[in-house]
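Commentary on secondary and tertiary structure
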Amino acid sequence: MQKRLLVLYTGGTIGMDETPDGLAPVPGLLPRLLERFRSPALDFELREYAPLIDSSAITLADMRTLCADIAAEYEHFDGFVVIHGTDTMAYTASMLAFALRGLAKPVVVTGSQLPLVHPRSDGWSNLADAFEAACQDDLHEVALAFDRLLLRGCRARKVDAAAFAGFDSPNAPHLARFGISVDWYREHWRRVTQPFAPVLPDAARRVLPMLLMPGASTALFGRMLHEDDVDAAVLLSYGNGNAPADPALLDAIAAATKRGVPVLNLTQVVRGAVEVGAYAASQPLARAGALPGADMTPEAALAKLTLLGALDLDAEAARAYLTANVAGELTVA
Ligand code: ASP
């Protein structure tokens, strides 16, 4: 039976061409090129957003629109492909993964490192793989197709801005590998346990990112956390979740936690997890109220903390939501 997909095109290198200012998206170009993917096995409707953007410019409002558009069209298509710039692709994939609760259809995000109009573009294979993944009836999650890999959306990270192998999921197994034949690693695919119940991200949410560095950052972040326009914060600590026991930071985390402003403690290391108690240096943060985020990516953390603004949870339920494995984003110890 012919599959019908909805293709949502947001922008990114894949549909860009040279302009006097450098590479920029060209409206209408990608839809024309995509025609070659139509076949007796595959039909699709393409929606090109205006303006097309370099994904470095994406906003929470844009992500909200994308989530809303998939939610509105959910019943009308067999699967969804989102074409996106690589810079923030992992953020959008994560946002979709948490927003589309109970998803029981494939949503596959892709893009490329070289534009389709470039003779060596990786865009053709990325699109072909994304289309094929979006036709798998039993793929019930948001995935990211790139350089012959299919990754869990809320585990993916941009790991290379120079090579075709631009993405990986350092803390989670791959979902498929595309070769002459496709290895579908179905044993790692998610099983849906609840009916489709999307929730849209709160576009006004302000999540404060705090990358720890030796020096002044602890005191600075302490001061920023006291600002009352901060809704939530992500602390990127060292190693297994360690930080200096700096009262300026710890008191600010304790005060924020008391105000109902959650602070998620993630590691700034690419692979591995926050493990409270592995080192004594992780304890003060936990005692101050910082929530251990295990091996969650910053992209997934932003999505969860943003969605929290739309979920009506009391403080305890919010803490449970942030530390639980909701969409396959973290490894439960
Ligand atoms: N700057 C581009 C973007 O994210 C990079 C890309 O698509 O590869 O839109």
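The structure displayed is predicted, hence computed values, not measured ones.

Let's talk about the overall build of the protein chain
Along the protein chain, the regular secondary structure elements total 9 helices and 16 strands. Computed over the C-alpha atoms, the radius of gyration of the protein chain is 20 Å, within 12% of the 20 Å expected from 2.2 N^0.38 for a compact globule of 333 residues. When its C-alpha atoms are laid out on the principal axes, the protein chain stretches across 65 × 50 × 35 Å. Here the protein chain, with 333 residues, has 53% of them falling under the buried criterion. Within the protein chain, counting contacts between residues at least 6 apart in sequence, those at least 24 apart form 74% of the total. Surface accessibility of the protein chain: about 14300 Å² in total, with carbon and sulfur atoms responsible for 54%. In the protein chain, 28 side chains carry a positive charge and 39 a negative one; their mean positions are 3 Å apart.

What to know about the side chain of Asn126
Tracing the backbone shows Asn126 in helix α4 (residues 123-134). Classification of Asn126 by relative accessible area gives buried; the value is 0%. Excluding residues that lie within four positions of it along the chain, Asn126 makes contacts with Thr110, Gly111, Ser112, Ala145, Phe146, Asp147 and Arg148.

Some thoughts on the UniProt feature "binding site: substrate" (unreviewed entry) in the protein chain
Taken from the UniProt record, the annotation "binding site: substrate" (unreviewed entry) applies to Ser55, Thr86 and Asp87. Taken along the chain, the residues just named run across 33 residues; in space they keep tight, none of their C-alpha pairs more than 6.9 Å apart. Tracing the sequence through the fold places Ser55 in the loop between β4 (42-53) and α2 (60-73). Look past the residues within four positions of Ser55 in its chain and what remains in contact with it is His84, Gly85, Thr86, Asp87 and Thr88. At a separation of 3.4 Å, a polar atom in the side chain of Ser55 contacts the main-chain carbonyl oxygen of Gly85.

Quick look at the site of the ligand
The local shell around the ligand consists of Gly12, Thr13, Asp54, Ser55, Gly85, Thr86, Asp87 and Ser112. With respect to the ligand, the side chain of Asp54 contributes an N or O atom lying 2.9 Å from a nitrogen atom. For the ligand, a nitrogen atom lies 2.9 Å from a polar atom in the side chain of Asp87. Burial of the ligand by the protein chains amounts to 89% of its free accessible area of 270 Å². In terms of residue class, the shell around the ligand is made up of no nonpolar, 6 polar and 2 charged.

Notes on the pattern of salt bridges
In this structure the tally under the stated criterion is 15 salt bridges. Across the pair Arg47 and Asp69 runs a salt bridge, and its minimum N-O distance is 4.0 Å. Separated by 22 residues along the polypeptide, Arg47 in strand β4 and Asp69 in helix α2 bring together distant segments of the chain. Here Arg47 falls in the partly exposed class, since its relative accessible area comes to 24%.

Considerations on the sheet that holds strand β13 (residues 207-211)
Taken in spatial order, the 4 strands line up as β13-β14-β15-β16 in an open sheet, and their pairing is parallel. Here the strands that pair on one side only, and so sit at the sheet edges, are β13 and β16 (291-292). Pairing of strand β15 (residues 263-267) with β16 involves 2 bridges; the strand directions are parallel. Bridging from a neighbouring strand, Asn265 pairs with Pro292 of β16. Its contacts with the sheet place helix α5 (residues 217-225) against β13, β14 (232-237) and β15, and it is angled at close to 170° to β13.

Quick look at the nonpolar core
Membership of the largest hydrophobic core comes to 57 residues, with the highest contact counts inside it found for Ile70, Leu96, Phe98, Val107, Val142 and Leu144. The element contributing the most residues to this core is helix α3 (residues 89-99), with 8 residues. Apart from residues no more than four positions distant in its own chain, Leu96 is found in contact with Leu66, Cys67, Ile70, Val82, Val107, Val109 and Val142.

Considering the environment of Ile83
With respect to the element layout, Ile83 can be found in strand β5 (residues 79-83). Assessed through its relative accessible area of 0%, Ile83 is described here as buried. Sequence separation between Ile83 and Leu96 is 13 residues; the distance between their C-alpha atoms is 13 Å. Ignoring any residue separated from it by four or fewer positions in sequence, one finds Ile83 in contact with Val7, Leu8, Tyr9, Thr10, Gly11, Ile14, Leu30, Leu34, Thr110 and Leu127.

Each value, and the rule that gives it
- Residues numbered from 1 in each chain as written.
- Predicted model: local features only at pLDDT ≥ 70, side-chain atom pairs only at ≥ 80, totals over all residues.
- Heavy atoms only, no water.
- Helix = DSSP H or I, 4+ residues; strand = E, 2+ residues; numbered from the N terminus.
- Rg over C-alpha atoms; globule rule 2.2 N^0.38 Å.
- Buried < 20%, exposed > 50% of the residue type's maximum accessible area, 1.4 Å probe, protein only.
- Contact = heavy atoms within 4.5 Å.
- Areas by Shrake-Rupley, 256 points an atom, 1.4 Å probe, with all protein chains shown as cover.
- Lys, Arg positive; Asp, Glu negative; His and termini not counted.
- Charge placed at Lys NZ, Arg CZ, Asp CG, Glu CD.
- UniProt positions renumbered as here; feature names shortened; annotations may be inferred.
- Polar contact = N/O pair within 3.5 Å; in protein donor to acceptor, adjacent residues only side chain to side chain.
- Near = heavy atom within 4 Å.
- Nonpolar A, V, L, I, M, F, W, Y, C, P; charged D, E, K, R; others polar.
- Salt bridge = Lys/Arg side-chain N within 4 Å of Asp/Glu carboxyl O.
- Pairing = 2+ DSSP bridges.
- Axes fitted to C-alpha atoms, helices over the stretch in contact; angles between N-to-C directions.
- Core = buried A, V, L, I, M, F, W, Y, C linked by side-chain atoms within 4.5 Å.

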